[in-house]
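# Coordinate analysis (summary)
In case you want the letters, here they are:
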Amino acid sequence: MEQEQLFPLLCATADGEKEAFAELYEITSPQLYAVVLKMLKRRELAEEATQDAFIKIWHNAGSYQRGKGTVLTWMVSIARYRALDLMRYHSIRNEVVLDAEDGPPDDIGPSTMATREQKKLNKCMDELDQQQRQAIHLAYFNGLSHHEVVKHLASPLGTIKSWIRRGLQSLQRCLSL
Amino acid sequence: MNYLAEERRNALAAEYVLGTLRGQARRRYQKLMMESQLISETTWLWEQYLNGLGESVPPVSPSSAVWENIQSRLGFTDSEADNQKVISLYQKRSRRWRTMTGVAAAAAFIIAVLFGTSEPPVTVAPTHIAVVNNADAEPLWLIEVSPESLTVRSTAKLTERADKDFELWMVPANGQAPISLGVLPEDGRWDRATPAILLRPDIAALAVSLEPPGGSPTGAPTEVLYISPLVSV
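Looking at an unreviewed UniProt entry, chain B carries the name Anti-sigma factor, with the source organism given as Alteromonas salexigens.

Per an unreviewed UniProt entry, the recorded name for chain A is Sigma-70 family RNA polymerase sigma factor, and the organism is Alteromonas salexigens. The UniProt entry for chain A carries this comment under Sequence similarities (unreviewed entry): "Belongs to the sigma-70 factor family. ECF subfamily."

## A word on the sheet that holds strand S6 (residues 189-193) of chain B
Residues and elements named next belong to chain B. As summarised here, the arrangement of the five strands in space is S6-S3-S2-S1-S9, forming an open sheet in which the pairing is antiparallel. Unpaired on one side and paired on the other, S6 and strand S9 (231-232) mark the two borders of the sheet. Summarising the sheet, strand S1 (residues 128-133) and strand S2 (residues 139-145) pair through six bridges and their orientation is antiparallel. By the bridge assignment for S2, Val-131 is matched with Leu-142.

## Things to note about the interface of chain B and chain A
On the chain A side, the residues contacting the 53 residues of chain B number 62 residues. Roughly 5700 Å² is buried in total at the junction of chain B and chain A, and carbon and sulfur atoms are behind 62% of that figure. Our count for the contact surface shared by chain B and chain A stands at one salt bridge. A salt bridge links Arg-73 of chain B to Asp-52 of chain A, with the shortest nitrogen-to-oxygen separation between them at 2.9 Å. At the boundary of chain B with chain A, the tally comes to 17 residue pairs in polar contact (both at pLDDT 80 or more). When residues of the side of chain B that touches chain A are traced back to their parent elements, those giving at least two are helix H1 (3-18), helix H3 (37-50), helix H4 (64-73) and helix H5 (80-115) of chain B.

What counts and what doesn't
- Just so you know, the residues in each chain are numbered from 1, in the order the chain's sequence is written.
- Key to labels: chains lettered from A, ligands numbered from 1, both in the order written.
- Given that the model is predicted, a residue must reach a pLDDT of at least 70 before its local features are reported, and side-chain atom pairs must reach 80 or more before they are shown or counted; all residues, however, enter totals for whole chains, interfaces and linings.
- Heavy atoms from the whole structure form the basis of all side-chain values; hydrogens and water molecules are not counted.
- UniProt positions are given in the numbering used here, feature names are shortened, and annotations may be inferred rather than shown by experiment.
- DSSP calls a pair of strands paired once it identifies at least 2 bridges connecting them.
- By the criteria applied, helices consist of DSSP H or I runs no shorter than four residues and strands consist of E runs no shorter than two, each listed in order from the N terminus.
- For this analysis, residues touch if any pair of their heavy atoms sits within 4.5 Å.
- By buried area we mean how much accessible surface two parts lose on assembly, using a 1.4 Å probe and totalling the loss over both.
- Note on definitions: salt bridges are taken to be side-chain nitrogens of Lys or Arg within 4 Å of carboxyl oxygens of Asp or Glu.
- For the purposes of these results, a polar contact is taken to be a pair of N or O atoms within 3.5 Å, where, inside protein, one atom must be able to donate a hydrogen and its partner to accept one; residues adjacent in sequence count only when each atom of the pair is a side-chain atom.

Structural data, given as structure tokens:
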């Protein structure tokens with residue numbers, strides 16, 4: 001899913017070309033759906049978030065600009081925000097129905113397609129303290145709140161907040177190098 | 001610029017994007033973004049930092065109802081002509097799969113006989129298998145699917161291609177476009193949790209395509225090499 005491939009499709013979408021939008025959907029929907037499914041756990045909610053995200057993408061395609069990241073990053077952002085809204089709206093509590101894993105999927109191997117930015121991100125995440133990384137992963141992939149991370153990692157709220165805050169600071173330092 | 005203000009701005013943007021900024025604070029932040037270009041730009045920066053994580057989650061195809069609902073909510077379905085054009089995009093890609101899956105179904109029986117009884121016992125017994133053969137009927141990969149795990153083993157007959165990758169696809173029975181299951185290992189084993197799409201009842205076959213390194217650049221198979229039915233055991 002390269003920027004060179006997605007950007008023309010998004011431009012055509014902004015011009016109201018439905019075929020381009022259909023193709024954009026076909027290429028990107030499995031990625032967006034996977035992200036929101038991991039957060040929301042329930043298929044019907046993940047489908048709702050995906051639908052809402054693509055409706056927004058159709059209407060807002062013209063407001064995309066390079067400063068917002070790659071087209072895929074921009075689309076993932078829209079989908080994640082929608083999933084976070086739905087979690088709040090449906091008062092989804094994540095403390096019980098966690099996946100066995102606490103982190104990103106293990107099958108990210110050298111064989112999957114990774115951009116240079118992703119490789120750098122993975123490297124910088126790897127450099128974080130294990131606790132910081134785990135707390136950020138739980139919040140990012142599973143959509144956990146501070147309080148839910150507290151229950152999951154069995155540490156006090158202040159500690160969790162500080163792991164996340166300091167982890168994010170270190171991440172920024174590493175990424176902006 | 002005030003260092004503390006910058007640190008605070010980054011901290012808020014980061015937790016907004018991460019999702020840990022909640023409730024009233026989240027709503028206040030959304031209002032701030034509308035008022036301040038600087039805050040919006042800081043948020044975009046953090047979207048770029050963090051949302052690469054989301055791009056590493058293995059893709060899962062949503063059901064076709066999702067696309068149908070999007071079309072109907074956007075009013076695409078009002079105009080019959082436009083609708084046809086959008087639908088034809090899918091059909092163009094899927095037509096050749098229908099003919100191929102006929103051949104695949106015919107081969108199912110033979111494979112079931114060959115492999116159905118000779119499998120050694122494994123920890124989690126597969127419920128379905130597929131054997132991907134080359135044109136000389138030599139097996140290249142053995143694929144076993146259980147509700148928990150997907151195992152792929154390549155055989156000695158497989159010739160590695162340094163400049164290419166092989167990608168595995170699920171071909172839906174309804175004639176829709178194939179769905180990627182990932183790039184195949186060219187040596188050794190591939191063990192992973194079973195993707196949800198492999199548990200669907202409407203699977204026509206599995207297919208292997210030849211792709212540039214890293215897998216299909218388009219989301220559709222570049223050159224289909226082999227096709228194999230997924231047989232229950």
